[in-house]
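Overview (structure and organization)
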Amino acid sequence: TSSRAAALTAVALAAATLVVAVAVLPWDASVAPWAALDLPTVSAFNSDQIDAIDAYASAVWLPSTLALVVGPAVALLIFLIPLTRRRVAALGPQGRPFLSDLTTAVVLLLIVRLASLPFWFWAAAVRRDAGLLLAPWSTEFGRWYAETALYVAVGGLAASVAMAVLRRRPRRGWIALVVTGM
């Protein structure tokens, strides 16, 4: 059945993800992101530079992590709250499913990106304080705007095409949704 195939595919994708994580991620304690800085390993730097690197890493991890987590959390909240889910799903022209899906996906992706904006700028401020960001704020905002436009355009189109495939082929269309999610 279709649901059995979907479950088997999900298990296979989870197993493949674990295999890739074990094979590719640096599990050696000396190079892991959570490892303490080892002076012989970074002997090219003096102790002041090592302290500055350690301070920057400590300061940037929270805004960077929040910028990554807040978007999916907001999307999950939108789908868990029935009223917001219905309002977002009702966007776009009625009777034109592709355009309706495109509008819904674009709005949802835009909300997700806007939710991460404060944390993205917080991380940029930490980079600026550390001397790693030399461009003016207008350039940084322009970069964020360009990234967002590309993210929303490509993501909205991919989600709309996946939904069109799902409508056209209901038994096998879920594969398009899985590919879009990746």
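Keep in mind it's a predicted model, so treat the numbers as computed, not measured.

We now examine the overall build of the chain. Of regular secondary structure, the chain possesses six helices and zero strands. In the chain, buried positions account for 20% of the 182 residues. Of the contacts formed within the chain by residues at least 6 apart in sequence, a portion of 56% connects residues at least 24 apart. About 12,400 Å² of surface is accessible on the chain, with carbon and sulfur atoms providing 72% of the total.

Take Gln 94: it is sitting in the loop between α3 (82-89) and α4 (97-129). A polar atom in the side chain of Gln 94 sits 3.2 Å from the backbone oxygen of Ala 90.

Before going further, it helps to spend a moment on the pattern of salt bridges. Counted according to the given criterion, the structure contains five salt bridges. Where Arg 127 meets Glu 140, a salt bridge forms, and the shortest distance between an N and an O atom there is 3.6 Å. Of this pair, Arg 127 sits in helix α4 while Glu 140 sits in helix α5 (residues 137-168), and the two are 13 residues apart along the sequence. A single network of salt bridges, built from pairs that share partners, joins Arg 113, Arg 127, Glu 140, Arg 143 and Glu 147.

Before going further, it helps to spend a moment on α5. An ideal rise of 1.5 Å per residue puts 46 Å on 32 residues; α5 measures up with 46 Å between its terminal C-alpha atoms. Taken together, the buried positions of α5 are Glu 140, Trp 144, Thr 148, Val 152, Gly 156, Ser 160 and Ala 162.

Attention shifts here to the nonpolar core. Judged by nonpolar contacts, Ala 75, Ile 78, Val 88, Leu 108 and Val 112 together constitute the single largest core of five residues. Mapped by element, the contributors of at least two residues to this core are α2 (47-80) and α4. Val 88 has contacts with Ile 78 and Thr 104, leaving out every residue within four places of it along the chain.

In the contact formed by α2 and α4, the axes pass within 8 Å of each other and the chain directions differ by 170°. With respect to α4, the axis of α2 lies roughly antiparallel. Residue composition of the contact of α2 with α4, grouped by class: 21 nonpolar, three polar and one charged.

Under the definition given, this model contains four aromatic pairs. Taking 6.2 Å as the distance between ring centres and 15° as the angle between the ring planes, the aromatic pair formed by Phe 121 and Phe 141 counts as stacked. With a gap of 20 residues between them, Phe 121 in helix α4 and Phe 141 in helix α5 connect regions that are remote in the sequence. Accessibility expressed as a relative area gives 40% for Phe 141, which makes it partly exposed.

What follows is about the side chain of Ser 116. Along the chain, Ser 116 falls in helix α4. At 2.9 Å, the side chain of Ser 116 forms a polar contact with the backbone oxygen of Arg 113. Not counting the four nearest positions on each side in its chain, Ser 116 is found in contact with Ala 67 and Val 70.

Taken together, the side chains of Leu 76, Leu 77, Leu 80, Ile 81 and Leu 83 present a nonpolar region at the surface, about 480 Å² in accessible area. In terms of residue count, α2 provides more of the nonpolar patch than any other element does, three residues in total. With respect to the helices and strands, the residue Leu 80 is situated in helix α2.

Analysis parameters
Numbering of residues starts from 1 in each chain and follows the order in which that chain's sequence is written. For this predicted model, a pLDDT threshold of at least 70 governs which residues receive local features, and a threshold of 80 or more governs which side-chain atom pairs are given and counted, while totals over whole chains, interfaces and linings are taken from all residues. Where side-chain values are given, they derive from all heavy atoms of the structure, hydrogens and water being excluded. Numbered from the N terminus, helices here are DSSP runs of H or I no shorter than four residues, and strands are runs of E no shorter than two. Buried, partly exposed and exposed residues are distinguished by accessible area as a fraction of the type maximum, computed with a 1.4 Å probe on protein chains only: under 20%, between the cut-offs, and over 50%, respectively. Note on contacts: a residue pair is in contact if any heavy atoms of the two residues lie within 4.5 Å. For every accessible area listed, the method is Shrake-Rupley and the probe measures 1.4 Å; residues are considered covered only by the protein chains on display. The term polar contact refers here to a pair of N or O atoms within 3.5 Å; inside protein, the definition further demands a hydrogen-donor-capable atom paired with an acceptor-capable atom, and it admits residues adjacent in sequence only when both atoms are side-chain atoms. Here, a salt bridge means any side-chain nitrogen of Lys or Arg that lies within 4 Å of a carboxyl oxygen of Asp or Glu. Multiplying 1.5 Å by the residue count of a helix minus one yields the expected span of that helix. Nonpolar cores are built from buried Ala, Val, Leu, Ile, Met, Phe, Trp, Tyr and Cys residues. Side-chain atoms within 4.5 Å join them into one set. Lines fitted to C-alpha atoms define the axes, with helix axes restricted to the stretch in contact, and inter-axis angles between N-to-C directions lie between 0 and 180 degrees. Each angle is binned into one of four classes, with values under 35 degrees roughly parallel, values over 145 roughly antiparallel, values of 65 to 115 roughly perpendicular, and all other values oblique. Gly counts as polar in this scheme, as do all residues outside two lists: the nonpolar Ala, Val, Leu, Ile, Met, Phe, Trp, Tyr, Cys and Pro, and the charged Asp, Glu, Lys and Arg. Here a Phe, Tyr or Trp ring, Trp counted by its six-membered ring, pairs with any other such ring whose centre lies within 6.5 Å, and the pair is stacked when the planes are under 30 degrees apart, edge-to-face when over 60, and tilted otherwise. Patches in this entry comprise residues that are over 30% relatively accessible and not in a salt bridge; like charges within 9 Å are linked, as are nonpolar side chains (Val, Leu, Ile, Met, Phe, Trp, Tyr) within 5 Å.

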